[in-house]
Every structure is written in structure tokens, then in C-alpha cells.
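A closer look at the structure
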Amino acid sequence: MHLSLTEEQALIQSTARRFAQSELAANANLLDRHEGREAFLRNLKSLANLGFMGLNVKTEYGGSEVGVVAFSVAVTELSRACASTAVTLSVSNMVAEIIQAVGSDSQKDTYLPKICGGDYAAAGFCLTESGAGSDPAAMSTTAVREGEDWILNGSKIFVTSAEYAGIFVVWAVTDANAAKQGISCFLVEAGNSGISIGKPENKMGQVGSSTNSIHFENCRVSATALLGREGQGFKLAVGELAGGRIGIASLALGVGLAAMDYAREYLGEREQFGQKIGNFQGLQWMVADRYTELEAARLLTMKAAFEKEQGLAFSTAASMAKLFSSEKANDACYSAIQILGGAGYTKDLPLERMARDVRVTTIYEGTSEIQRVIISRDLLREVN
Ligand SMILES: Cc1cc2nc3c(=O)[nH]c(=O)nc-3n(C[C@H](O)[C@H](O)[C@H](O)COP(=O)(O)OP(=O)(O)OC[C@H]3O[C@@H](n4cnc5c(N)ncnc54)[C@H](O)[C@@H]3O)c2cc1C
């Protein structure tokens, strides 16, 4: 394992950094105030043009095929400027990877170029339901076979990008008697009849990324919409969420670093007691601890990305990365506000937004508690 980036990965990183600072940073505060949607969608299209919507998707399907480490560093750079854009991109990449992993040739040929090329602004992942959050196997959305078609009924909640996604992967029960083996996965186009999108959640952070419920009422899709094999949907969700966690670990890291970088500058500017506040050891140690934790988060995230890229088992590493990075990034945002004092608490500066934006990273794509369940289960399985 190499601890430095390859030339190609470094290029992706610098491209993402430049784009984030020139295009995303200025819009992040507007998005937080429910403005700037047009620029947000324009930026998603530009990111697709840069090849960022299919970073780990083969070039034959319109992806850029630069791998998981490159995906991770790209998401970190984008989230330094705008977590809402970064999460949209992360989820869209995850959906593209699902289609690449188990889609039929026709599904891959039809949908991957549209996601990777930006014909679709985003792609959506419809797993969570009101009665099935941490326990997705408890879902009640159904898909019933009728002739050559499937009929979907039920509701999903908290779907990232639901308002502007062009395609959704949707999990539904196809055999109520088969428990987890009775869950299947479908590809449903946004324009399909029988779909309605609920109003956006009024969230604490990541306001620019819409999060809505989606309702399926006699939503008819053809037999070819089945993604992967019937009854394999749960396994697919578990596997793909592990990959998604690398995205969220990377995202959290970017926000944490941005907050601490901001605070570090301030330490060299603000004076109290006749000197720079950076002279106070209490604050110096805060800087040392937070950057050490963020560097550890980065290494865990890189390890998980590297393992996935090499085709190794990476689920435990991905959960460790997501758990640690999201929690330490929250600490970093909290410390950054503390370093700025009252100024950090105001909406005139970006830190309070970052603290709100990063909060959800310990919740979505599996809460911290669920990551601990996965990690301990994997570790104990090794000895039992
Ligand atoms: C902004 C946002 C975007 C999202 N985007 C998507 C998306 O695009 N697609 C999608 O499908 N979902 C999405 N989600 C849903 C998200 O993945 C769930 O919210 C998350 O998995 C937790 O489920 P829940 O909210 O139902 O919490 P619950 O499962 O009800 O959990 C409540 C509490 O119980 C704890 N808990 C549950 N089970 C255990 C256990 N076994 N051991 C210990 N503690 C436990 C949890 O950690 C939590 O603290 C999104 C959520 C948010 C907030």
C-alpha cells in the first residue's frame, strides 16, 4: 500500500479542489438559505463533464474509471466547500456503481452514460422507510409481478436528491415469506407514472441537497427494471452501503478539515490579552488534537478505499472509516467554533453551517451505532 497519491489521483484531487473553491464555495451559503438551486444544478452538470459522476465506473459506460481512492479524495475536496454538492455526487456515484455491479448489459448501456454524463442531474437511492431505517429488512414497500411487469406500492423516506434525480434504485419486497431473501431491487425512472415526490425535509444542515419522501402507487415498471437477481436486493444494499460509507467518511473529513483550516487562520489573526490567541496553549492543543484525529480519519478512509479498489473485503474498514471520520469531523467543527469564540457562532462566518452540515454524517448511510454493530460483529466473527 502506498501512502501517497498516484499522479492521476493527485490530478483528480487538484481538479476537485479548484472546482470546489471557484464554483462551489460561493454558492454554499446561498444553498443554506434555500437559494442558489440553479447554480447547484449547473455545478452538478459541470462535475459530470469533468467525469466526477462516475469516478469508479468504466469508461465504456461514460465513467472516468479512476478508482475508489480518487473518488474519496474528490469527495473530500468538494465537501471542503459544499457538503450538499458532495453528498449529491457521492450518492450518484454509489447508484452508478450498483448498476455497474449487477445491472444487465442493457441497463448499463442505458443508464450509466446518463448518470456519468450529467443527462440526469443526480441518481437516488431509495431504501429507508418510516418503519425501516437502521433495520432496512423491515421494509414494507412491495413489488408484485403482473404479467411482464412489476407493480410497486409503498413509500420511501429521506431520499437524497429525490426532487431532481433522473433515476432511482428502489428496494421492495417481492416475497413476503422469504425474509431478507424476499427483497429485490429495481431501477425506476423519475418520469415513471405512479411516482410522487413529497415535500423536502426541513433539515438542520446540508440544506442545498433536497431530501424527500417518494411514494409509489401502482407504479408499473417492466420486467427489465429488476436490478440484479430477484431476492438478492438485501445483499446488494448491504454491499453497496459499505462502499457508500467511504463516500461519507470522505465527505465528513472534508468538512472537518475546512472548519479547522478556518480556525487555524483565525488563531494567527485574533488578539486578546495583547497577543495572538494562537499563543495560548489551550488552543494550540485543540489544534494538535483535531488535526491528529482528522489525519487518522484520512488514513482509515484511504485504507478502506484502497481495499475496495483492490477487490479486497473492505466492509469493516469502511465502517471504521465512517464511524471515526464522521465523529471526529463533528468534534473538529465544534472545536473550530470554540476557537473563534462568539464570531464562530454567527451566521456571518461559515463555521456554524459546517457544524450543521457535518452533523448528519454520523446518521445517514448507517448511524454510528450501526457502524459499531457491524465492526464488532465482524471482529467477533473472526474468533468465533
Ligand atoms: C439528510 C438525510 C439523507 C438521507 N438520505 C438517504 C437516502 O438517500 N436513501 C435512503 O435510503 N436513506 C437515506 N437517509 C436515511 C438514513 O440512512 C437513516 O436516517 C439512517 O439509516 C437511520 O435510520 P432512522 O433515521 O430510521 O433511525 P432509527 O433506525 O430509528 O434509529 C434511531 C436510533 O436508534 C439507534 N439504533 C437503531 N438500531 C440500533 C442497534 N441495533 N443498536 C444500537 N442502536 C441502534 C440508531 O443508531 C439511532 O440512534 C437519509 C437520512 C438523512 C437524515
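Residues numbered from 1 in each chain as written. Predicted model: local features only at pLDDT ≥ 70, side-chain atom pairs only at ≥ 80, totals over all residues.

A few words on the site of the ligand. Lining the immediate surroundings of the ligand are 22 residues, of which L127, G133, S134, T367 and E369 lie closest. Counting residues per element, the ones that place at least two in the shell around the ligand are β1 (122-126), β3 (149-160) and α10 (368-383). Classifying every residue of the shell around the ligand by side-chain character gives 11 nonpolar, 8 polar and 3 charged. Each of domain 2 (124-231) and domain 3 (241-383) contributes no fewer than three residues to the shell around the ligand. (Near = placed C-beta within 6 Å. Helix = DSSP H or I, 4+ residues; strand = E, 2+ residues; numbered from the N terminus. Nonpolar A, V, L, I, M, F, W, Y, C, P; charged D, E, K, R; others polar. Domains from an automatic or database assignment.)

Okay, the domain arrangement of the protein next. Domain boundaries assigned for the protein yield domain 1 (7-120), domain 2 (124-231) and domain 3 (241-383). Distance between the C-alpha centres of domain 1 and domain 2: 22 Å. Each partner contributes residues to the interface: domain 1 has 26 residues there, and domain 2 has 17 residues. Broken down by element, the side of domain 1 that touches domain 2 gets its largest block of residues, 11 residues, from helix α4 (residues 83-102). The residue inventory of the side of domain 1 that touches domain 2, partitioned by class, reads 15 nonpolar, 8 polar and 3 charged. (Contact = placed C-beta atoms within 7 Å.)

With that settled, consider the UniProt feature "domain: Acyl-CoA oxidase/dehydrogenase middle" (unreviewed entry) in the protein. On the UniProt side, "domain: Acyl-CoA oxidase/dehydrogenase middle" (unreviewed entry) is annotated at positions that read residues 125-219 here. Segment residues 125-219 splits into 0% helix and 49% strand. End C-alpha atoms: 17 Å apart. (UniProt positions renumbered as here; feature names shortened; annotations may be inferred.)

Turning our eyes to something else, we now look at the packing of helix α8 (residues 315-340) against α10. Packing of α8 against α10 leaves a shortest axis separation of 9 Å and a crossing angle of 145 degrees. Once α8 is placed against α10, the crossing between them reads as left-handed. Of the residues in α10, those touching α8 at S315, T316, S319, M320, K322, L323, S326 and E327 are S368, Q371, R372, I374, I375 and D378. When its residues are assigned to classes, the contact of α8 with α10 shows 4 nonpolar, 6 polar and 4 charged. (Axes fitted to C-alpha atoms, helices over the stretch in contact; angles between N-to-C directions. Left-handed = near helix turned anticlockwise from the far one by under 90°.)

What follows is about the environment of T76. Residue position: T76 is located in helix α3 (residues 68-81). Counting along the chain gives 28 residues from T76 to A48, while the straight-line C-alpha distance between them is 17 Å. Contact partners of T76, with chain neighbours within four places excluded, come to S250, L253 and G254.

Let's shift gears to the pairing of β1. Counting buried positions along β1 yields 5 of 5 residues, so the element is predominantly enclosed. Here β1 shows two buried faces, one formed by A122, G124 and C126 and the other by A123 and F125. Judged from the 5 bridges that link them, β1 and strand β4 (residues 165-173) form a sheet pairing that is parallel. Each bridged residue has a counterpart across the sheet, and for F125 the counterpart in β4 is V169. (Buried ≥ 20, exposed ≤ 12 C-beta atoms within 10 Å, placed from the backbone. Pairing = 2+ DSSP bridges.)

Among the nonpolar cores identified, the biggest contains 124 residues, and F186 and C333 are the most heavily contacted of them. If you tally residues by element for this core, the top one is helix α6 (residues 233-267), at 18 residues. (Core = buried A, V, L, I, M, F, W, Y, C linked by C-beta atoms within 7 Å.)

Our next topic: the UniProt feature "domain: Acyl-CoA dehydrogenase/oxidase N-terminal" (unreviewed entry) in the protein. The positions that UniProt labels "domain: Acyl-CoA dehydrogenase/oxidase N-terminal" (unreviewed entry) are, in the present scheme, residues 6-119. Each end of residues 6-119 is marked by a C-alpha atom, and these two atoms are 30 Å apart; helix forms 75% of the span and strand 0%.

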